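Here is how the chains run, residue by residue.
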Amino acid sequence: LYQRRSCPTLELEWLPKTNLEETMTHDATSSARMRADDLPTSYVSYDLETTGLGADAHIIEIGAVRVFDGYEDERFSTFVALPRGARIGAGAAAVNHITADMLEGAPSIDEALLAFSDFVGDLPLVGQNVIAFDNRFVDREAARMGVSSPTVNGAYDTMILYGELDGRPRSLAAICEHYGVENE
């Protein structure tokens, strides 16, 4: 099902940072020369769904796949209860198709994030646009809870990685199309 491809040498950013300001800062010391074959074969690929895009948005779903030595090990998926008074924005609902009714009885963000952190363990995170989007939500909630964020393990952003290969960041749909991967 999966085919390993040989790739050229990449200038990638390894960002084992703990807060939003550091995560968003790309300085000369955070960059390392590496080949695609040097990317980890064990990692957690993840994605969040949120109530919107702004600083006041909340995580409402966490989905992840843990990979060991290039093979899928286990999946993690949970809805997250809406905080009191929070609403799912129309734009977010149009993208993620999640309704408030679907979140009834879901675990709190504290419960969900602790379970996700346990699932991640000490593996790095991988995902589309995680550096600029997903990681900042995870970091914010972990800081609020006073716990270590799983982003401290480092993160590989597929949008950045593909941008190094193609010369510009690309959408998940474009990356999937290029590699012939069906994206649900």
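Residues numbered from 1 in each chain as written. Predicted model: local features only at pLDDT ≥ 70, side-chain atom pairs only at ≥ 80, totals over all residues. Heavy atoms only, no water.

1. Some thoughts on the overall build of the chain
On a plain count of helices and strands, the chain comes out with 6 helices and 7 strands. Looking at the chain as a whole, 38% of its 184 residues are labelled buried. In the chain, once contacts between residues fewer than 6 apart in sequence are set aside, the share between residues at least 24 apart is 65%. Total accessible area computed for the chain in this model is approximately 10,600 Å², and 52% of it derives from carbon and sulfur atoms. (Helix = DSSP H or I, 4+ residues; strand = E, 2+ residues; numbered from the N terminus. Buried < 20%, exposed > 50% of the residue type's maximum accessible area, 1.4 Å probe, protein only. Contact = heavy atoms within 4.5 Å. Areas by Shrake-Rupley, 256 points an atom, 1.4 Å probe, with all protein chains shown as cover.)

2. Looking at the packing of aromatic side chains
One pass over the structure, following the stated rule, counts 4 aromatic pairs. When the ring of Phe76 is compared with that of Phe116, the centres are 5.8 Å apart and the planes differ by 50 degrees; the resulting orientation is tilted. On the criterion of sequence distance, the pair formed by Phe76 in strand β5 (residues 71-79) and Phe116 in helix α3 (residues 109-120) is long-range, its members being 40 residues apart. Both residues of the pair, Phe76 and Phe116, count as buried. (Phe/Tyr/Trp six-rings, centres within 6.5 Å; stacked < 30°, edge-to-face > 60°.)

3. Observations concerning the nonpolar core
Counting 25 residues, the largest nonpolar core has Val44, Tyr46, Leu48, Ile59, Ile62, Ala64 and Phe116 as the members making the most contacts within it. Among the secondary structure elements, those contributing two or more residues to this core are β3 (43-50), β4 (59-68), α3 and α4 (130-145). The leading source of residues in this core is α4, at 7 residues. Setting aside residues no more than four positions away along its own chain, Phe116 makes contact with Val44, Tyr46, Ile62, Ala64, Phe76, Leu125 and Pro150. By size, the runner-up hydrophobic cluster in this structure holds 5 residues, among which are Ile60, Ile88, Ile98 and Leu103. (Core = buried A, V, L, I, M, F, W, Y, C linked by side-chain atoms within 4.5 Å.)

4. A closer look at the confidence of the model for the chain
On average, the chain scores 80 in pLDDT, and the residues at 70 or more come to 78%. Low confidence marks residues 1-34, where pLDDT is under 50. Its contacts with residues over four positions away, or in another chain, come to 67 contacts. (pLDDT = per-residue confidence, 0-100.)

5. Some remarks on the sheet that holds strand β6 (residues 125-127)
One open sheet holds the 5 strands; their spatial order is β5-β4-β3-β6-β7, and the pairing between them is mixed. A single partner strand is all that each edge strand has here, and the edge strands are β5 and β7 (155-157). Recorded for the sheet is a direction-independent mean angle of 25 degrees between the axes of neighbouring strands. In the sheet, β3 pairs with β6 via 2 bridges, with the strands oriented parallel. Within β6, the position partnered with Val44 by the bridge is Leu125. (Pairing = 2+ DSSP bridges. Axes fitted to C-alpha atoms, helices over the stretch in contact; angles between N-to-C directions.)

6. With respect to the environment of Ile109
Within the secondary structure, Ile109 sits in helix α3. Spatially, the C-alpha atoms of Ile109 and Leu82 are 8.4 Å apart, while their sequence positions differ by 27 residues. In contact with Ile109, not counting residues within four places along its chain, are Ile59, Val80, Glu141 and Arg144.

7. Concerning the packing of α3 against α4
When two helices pack together, their arrangement is given by the angle between the helix axes and the distance between those axes. One can describe the packing of α3 onto α4 by two numbers: an axis separation of 11 Å at closest approach and a directional angle of 110 degrees. The orientation of α3 relative to α4 falls into the category roughly perpendicular. Along the contact surface, α3 presents Ile109, Asp110, Leu113 and Leu114, while α4 presents Val138, Glu141, Ala142, Arg144 and Met145. By residue class, the composition of the contact of α3 with α4 is 6 nonpolar, no polar and 3 charged. (Parallel < 35°, antiparallel > 145°, perpendicular 65-115°, else oblique. Nonpolar A, V, L, I, M, F, W, Y, C, P; charged D, E, K, R; others polar.)

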